[in-house]
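Listed below, chain by chain, are the residues.
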Amino acid sequence: MIENLLGGLAIIFTWQHLLAIVVGSFLGLVVGTIPGLTATMAVALILPMTFDMDFVTSIMLLVGAYKGGIFGGSITAILLNTPGTPASACTVLDGYTMTQRGKGVKALKMAKYASTLADFGSDIVLIAVAAPLASIALRFGPPEISALIIFSLTVVAGVAGKSVLKGLISGAVGLLLATVGLDPIMTTRRLVFSMVELDSGISLIPLLIGLFALSEVFLQLGKISKTKADQFVIKHSSNPEDNRVSWSEFKGCLRTIFRGTVIGTGIGIIPGIGTGIASFISYGQAKRASKKPQEFGEGSIEGIAASESGNSAVVGATFIPLMTMGIPGDIITAVIMGAFLMQGFIPGPLLFEEHAHMIYAIFMGFIICDIVYFVIGSFFMKYAAYLSKVPRSFLFPIVLIFCVVGSYAIGHSIFDVGIMVFFGIVGFFMLRYGFATAPFLIAFILSPIGETAVRQSLLMSGGSLSIFVTRPIALAFLILTLLSVLGLIRSHLKGTAGGEKNNK
Amino acid sequence: MGMKLRNKDIVTSVCIIIGALAVQFFILPNFIEMEESYDLASLSPAFFPKLATWIVAALGVLLLCFTLLQLKKGNIQEKGQLNHRELRRVYVAFAFVVGYIFLMKLMGFLVATIFFLGALFFLQGIRQPIKIATASLIVTFGVYFLFLYVMQVHFPKGLFFE
């Protein structure tokens, strides 16, 4: 591993890769800071621009945007009571209260320290466990891969939205739409409706720009701004103590940051759960363990450390299932998986065999990203509040133009723009009717691998389904699937019962 | 409100079931090229699409049953994200975007984008013509030159200008 790490370091230290990290982090911070624009949108819109770049540069640009976007969301959460991204929703609780007391800069600094440390911790776990996990995954045959994909899709569908059933429907439709184009085994044309453009399937990049960026733009275009001018008045204290984090305060939060890192990393490894939930769980646990739980929600610096460490630690960990098994852990890693595929690299265990140096270069890039957004974030925080005041009436039409141009740029095709608009409208209605979009995208991406694996398994067994239960690893994944389905049904029924009680 | 939203879920699940059955019995047999009969069902190119469609239909039925059950219990669902007036603005935006793509084919990227952006700014409540014109021109030409010279993207010139 040391040899690979050194090889990775040699690759990553070129001006192109470092510039990609700086630009990506900056763009992520900018987009994450603007309420309504999410880190997912940042990554989806930057993706088409990476088409001509080399593999490592393109991934570093996107990872920078991902990490910067998550941190950027906390800046407006603290200063303006408006989380820039859903991941920072929990940071608002204490962050904005501190800002109202003139301690906004202290809150921002704590958020920066907690985010960077947690992100770094999560990256170390990624580097440590990725290769051993990948070597286990290498032993997987078609039945194991099929069972793993079924397990991942069930978990993602179950936890990504409010309704398990709608999540599963969303995933199943993703599986179906991914079959458009040539059949992977017999290479016959399927569901192309005499359109030559569909022979290679529905283009992934226009689909994801439509689903995640355009649908959100439509939603925001519909909303009538209710922002009050007085929201933007930021109190600033002249007391230097209110504008810095003292060593004793930092030391007091270290345990919380460590706990948040463990929680965030654990949640990041499980596909589909995401940054928002990690942040709330970390916050809840920190409050339970704190000596001053009454201060949580009233401007507690520990609360900010808990929330920010929880959401930031998810980032590195979500790459563990992607890099080792080719399963994206959340929407953003699904988008980044799109970049891997666009560059001709299939994420999964074989990457460690065939391109180990490049993978370790990306891992080292993750750590450089942490340092870069820590440094850029320090300068950026001063101006972030102004950026979030960009009028919505100008902002969203401009983002829409970037959606159009981004989807056109991939293949110089208006047909791709049409695909993007179609999925933008579909995504809008999915959001409106409570169908989570994450299972749809993840199923769409995993469908070709899943289809090939299922059909190969059935060919191996002469059409008998017993192949999935006679191989131990496949059986283990199927049992896990069953357990997770039972768990989801139980929690769903509990929630319904709770709802009934509340209604009474 | 709760009842109304539950009714919406009933309509959604019925649409899903009908859609899945239409795909299963009309679209899949007509739009998948089947050249020969296959010894094993899993060899057929229609195997996976059929499987996925049956899953969608089954889940649609489950959603319908679950919704009817909840309706009986009188559970209340969360509010929708947009009201009627806001929804109307979204539908207008849909129409603008679809119109923009057709306009781009005819008039090319530059002309279509200037008009489209102007219309969207107006829809967003900006009423000063100078502001609208300036912003539309700056954004359109900014994006055009950025993508043309940095990323070598050549935008459509339009049928009338080729």
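Residues numbered from 1 in each chain as written. Chains lettered and ligands numbered in written order. Predicted model: local features only at pLDDT ≥ 70, side-chain atom pairs only at ≥ 80, totals over all residues.

A. Here's a closer look at the overall build of chain A. From N to C terminus, chain A includes 20 helices and two strands. Since a compact globule built from 504 residues should have a radius of gyration of about 23 Å, the 23 Å found for chain A is in line with a globular shape. Considered along the principal axes of its C-alpha atoms, chain A spans approximately 75 × 65 × 45 Å. For chain A, buried positions account for 60% of its 504 residues. Restricting the contact set of chain A to residue pairs at least 6 apart, pairs at least 24 apart contribute 79%. (Helix = DSSP H or I, 4+ residues; strand = E, 2+ residues; numbered from the N terminus. Rg over C-alpha atoms; globule rule 2.2 N^0.38 Å. Buried ≥ 20, exposed ≤ 12 C-beta atoms within 10 Å, placed from the backbone. Contact = placed C-beta atoms within 7 Å.)

B. Here's a closer look at the overall build of chain B. In terms of helices and strands, chain B carries five helices and zero strands. Seen in sequence order, chain B has helices and strands lined up from the N terminus as α-α-α-α-α. Taken across its 162 residues, chain B has 27% of its residues classed as buried. Taking contacts inside chain B between residues at least 6 apart in sequence as the whole, the part at least 24 apart equals 64%.

C. The arrangement of the nonpolar core in detail. Grouped together as the largest cluster of nonpolar side chains are 205 residues, with contacts concentrated most on Val43(A), Leu62(A) and Cys403(A). Counting contributing residues, this core receives three or more from each of domain 1 (2–73) and domain 2 (84–150) of chain B. Residues contacting Val43(A), with those up to four places away along its chain left out, are Leu62(A), Ala65(A), Tyr66(A), Ile332(A), Val335(A) and Ile336(A). (Core = buried A, V, L, I, M, F, W, Y, C linked by C-beta atoms within 7 Å. Domains from an automatic or database assignment.)

D. View of the interface of chain B and chain A. Listed per partner, the contact involves 56 residues of chain B and 50 residues of chain A. For the side of chain B that touches chain A, the element with the most residues is helix H2 (residues 47–73) of chain B, which contributes 13 residues. Each residue belonging to the side of chain B that touches chain A can be placed in one class, and the counts come to 38 nonpolar, twelve polar and six charged. (Nonpolar A, V, L, I, M, F, W, Y, C, P; charged D, E, K, R; others polar.)

E. Spotlight on the environment of Val61(B). Within the secondary structure, Val61(B) sits in helix H2. Remark: the alpha-carbon pair of Val61(B) and Leu82(B), spanning 21 residues in sequence, is separated by 27 Å.

F. Structural view of the domain arrangement of chain B. In terms of domain boundaries, chain B breaks down into domain 1 (2–73) and domain 2 (84–150). The centre of domain 1 of chain B, based on its C-alpha atoms, is set 38 Å off from the matching centre of domain 2 of chain B.

G. Representation of the confidence of the model for chain B in the model. Residues and elements named next belong to chain B. Chain-level pLDDT for chain B is 84 on average; 86% of the residues reach the 70-or-more range. Across chain B, the secondary-structure element scoring lowest on mean pLDDT is helix H1 (residues 2–31), at 85, and the one scoring highest is helix H4 (residues 109–123), at 92. Here the predicted complex carries an ipTM of 0.91, next to a pTM of 0.80. (pLDDT = per-residue confidence, 0-100.)

H. The arrangement of the environment of Gly73(A) in detail. Residue and element names in this part refer to chain A. Here Gly-73 lies in helix H4 (residues 55–80). Looking at Gly-73, the number of C-beta atoms within 10 Å reads 33, which means it is buried. With 40 residues separating them along the chain, Gly-73 and Thr-33 place their C-alpha atoms 5.0 Å apart.

I. How the structure looks around helix H18 (residues 437–460) of chain A. Residues and elements named next belong to chain A. The terminal C-alpha atoms of H18 lie 34 Å apart, and with 24 residues this matches the ideal 34 Å at 1.5 Å per residue to within 8%. Taken as a whole, H18 carries its principal kink of about 50° at Ser-447; the proline Pro-448 stands between one and four residues after it. Where H18 terminates, the next one or two residues include Gly-462, which has phi positive at roughly 70°. (Expected span 1.5 Å × (residues − 1). Bend = angle between axes of the 7 residues up to and from the residue.)

J. Expanded view of helix H6 (residues 104–137) of chain A. Residue and element names in this part refer to chain A. Here H6 is 34 residues long and its end C-alpha atoms lie 46 Å apart, about the 50 Å a rise of 1.5 Å per residue gives. At Ala-130, H6 shows its maximal kink, close to 35°; a proline, Pro-132, follows between one and four residues later. Most of H6 is tucked away, with 24 of its 34 residues classed as buried.

K. The packing of H6(A) against helix H12 (residues 301–325) of chain A, seen in detail. Residues and elements named next belong to chain A. The interhelical angle for the contact between H6 and H12, taken along N-to-C directions, is 25°, at an axis separation of 7 Å. As far as their axial angle goes, H12 and H6 are roughly parallel. The two elements H6 and H12 cross, and the hand of that crossing is right-handed. The residue makeup of the contact of H6 with H12, split by class, is 23 nonpolar, seven polar and four charged. (Axes fitted to C-alpha atoms, helices over the stretch in contact; angles between N-to-C directions. Parallel < 35°, antiparallel > 145°, perpendicular 65-115°, else oblique. Left-handed = near helix turned anticlockwise from the far one by under 90°.)

L. Quick look at the packing of helix H2 (residues 15–33) of chain A against H4(A). Residue and element names in this part refer to chain A. At their nearest, the axes of H2 and H4 sit 6 Å apart, and the two run at 30° to each other. Relative to H4, the element H2 lies roughly parallel. Considering how the two elements wind past one another, H2 and H4 form a crossing that is right-handed. Its residues assigned to classes, the contact of H2 with H4 comprises 18 nonpolar, 14 polar and one charged.

M. Focus on unusual backbone geometry. Residue and element names in this part refer to chain A. Within the chain, Phe-193 stands out as a residue other than glycine whose phi angle is a positive 50°. Assignment of secondary structure puts Phe-193 in the loop between strand S2 (189–190) and helix H9 (204–222). Look at His-412: it is not a glycine, yet its phi comes out positive at around 50°. Here His-412 lies in the loop between helix H16 (392–411) and helix H17 (414–432).

N. Looking closely at the environment of Glu302(A). Residue and element names in this part refer to chain A. You can see Glu-302 is positioned in helix H12. C-alpha separation for the pair Glu-302 and Val-372, spaced 70 residues apart in sequence, amounts to 24 Å. Beyond its immediate stretch of four places on either side in the chain, Glu-302 contacts Gly-252, Cys-253, Thr-256, Ala-286 and Ser-290.

O. A look at the confidence of the model for chain A. Residue and element names in this part refer to chain A. The predicted model of chain A averages 83 in pLDDT, with 90% of residues at 70 or higher. Averaged pLDDT values for the elements of chain A fall to 73 in helix H20 (residues 472–503) and rise to 92 in H17. Here residues 227–233 is modelled with pLDDT under 50, and outside its nearest four sequence neighbours on either side it reaches four contacts, counting other chains as well. Confidence drops under pLDDT 50 across residues 498–504; counting only partners more than four residues distant or on other chains, this segment forms six contacts.

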